Each structure stands twice: as C-alpha cells, then as structure tokens.
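# Structural overview for review
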Amino acid sequence: MKIDHATIVTPQLEAVRLFFCDIVGLTAGERPSFGFDGYWLYHDGKAVIHLIKTNSERPLTKSPTRIDHIAFGVDSADEWDKLLAKLQAASYEYESSEVPATGERQLFVVPTPGVMIEFVTAAA
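Residues numbered from 1 in each chain as written. Predicted model: local features only at pLDDT ≥ 70, side-chain atom pairs only at ≥ 80, totals over all residues. Heavy atoms only, no water.

### Looking at the pattern of salt bridges
One pass over the full model with this rule turns up three salt bridges. Lys46 is the salt-bridge partner of Asp4, the closest N and O atoms lying 2.7 Å from each other. One end of the pair, Asp4, is in the segment before β1 (6–10); the other, Lys46, is in strand β4 (residues 46–53), and 42 residues separate them in sequence. The partly exposed category is assigned to Lys46, whose relative accessible area is 30%. Note that Glu14 and Arg17 form a salt bridge whose closest N and O atoms lie 2.9 Å from each other. Residue Glu14 and its partner Arg17 are located together in helix α1 (residues 13–24), separated by three residues, close to a single helical turn. (Salt bridge = Lys/Arg side-chain N within 4 Å of Asp/Glu carboxyl O. Helix = DSSP H or I, 4+ residues; strand = E, 2+ residues; numbered from the N terminus. Buried < 20%, exposed > 50% of the residue type's maximum accessible area, 1.4 Å probe, protein only.)

As structure tokens, then:
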C-alpha cells in the first residue's frame, strides 16, 4: 500500500495551483470533468495533488482529528537552495526548523490560509 494523492479544498484555487506549479514543480494535467472547478497536479506522470475550489471563504471548523500538512522531500542541497530562492523571490514567508536527533532541515509554508506545506531534507 502507498499514498496515492492528497486533496486540497480552497477558495483560492489559482493561488494554490501557482504555488504547487511554480514552487514545488508539479504540472497541471488531465482531470476528469467532475462538474466543479479544480486541478490535478502531476509529478512523474502521476496525479499526486488534487485541488478543488470551494466558494466558501470560511475555513472548515477544526476538529480534534484532522490532517495538519503535506510534506515534500527534497533530495539534494542544490534543490534545497533552489527552493529557498523560489520562496524568497515569490515573497512566501516560511518557518524553518531542525528535527531533533536526525538533524533534518524543515521549512513550513502557508501559501494560502488553511493550507500548510512542509519541505524536508537530510542534514546539512
């Protein structure tokens, strides 16, 4: 068994699509005609992020059980540096931290309210 995809529901569909395409490097691709706006975003030929537009600006009520964020692994120091440059050039704010004991580096970005993305890479 493996993770197939994550779905993000947002009123700011275009902003979230731009983040995943311009910063993460995913590509918008073929999507069935569901009768509501959205995108399927691909990595290596697989739709890994599904975006769905909601017309509500109100965030869903947080329940005690929820998914907090999605994380993307960054393989190399060069890719990490490019990611930082893209985030800074696009004026995205982020928080950085280090995982205790492992030394892995993390970045947390909120491209639109209610959506948190983590990037993680091996120790420097």
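The structure having been displayed, the exposition proceeds.
### Section: the sheet that holds strand β3 (residues 38–43)
Ordered by their spatial adjacency, four strands build an open sheet running β1-β4-β3-β2, and the pairing between neighbours is mixed. One side of each edge strand has no neighbouring strand; the edge strands of this open sheet are β1 and β2 (27–29). Recorded for the sheet is a direction-independent mean angle of 35 degrees between the axes of neighbouring strands. Two strands pair when backbone bridges link them, and β2 and β3 are joined in this way by three bridges, in the antiparallel orientation. The residue of β3 that forms the bridge with Gly29 is Trp40. (Pairing = 2+ DSSP bridges. Axes fitted to C-alpha atoms, helices over the stretch in contact; angles between N-to-C directions.)

### Side note on the confidence of the model for the protein chain
Reading fine detail from the predicted coordinates is not recommended where pLDDT is low. Across the protein chain, pLDDT averages 90, with 90% of residues at or above 70. Within the protein chain, no element has a lower average pLDDT than β1, which sits at 92, and none a higher one than β2, at 98. (pLDDT = per-residue confidence, 0-100.)

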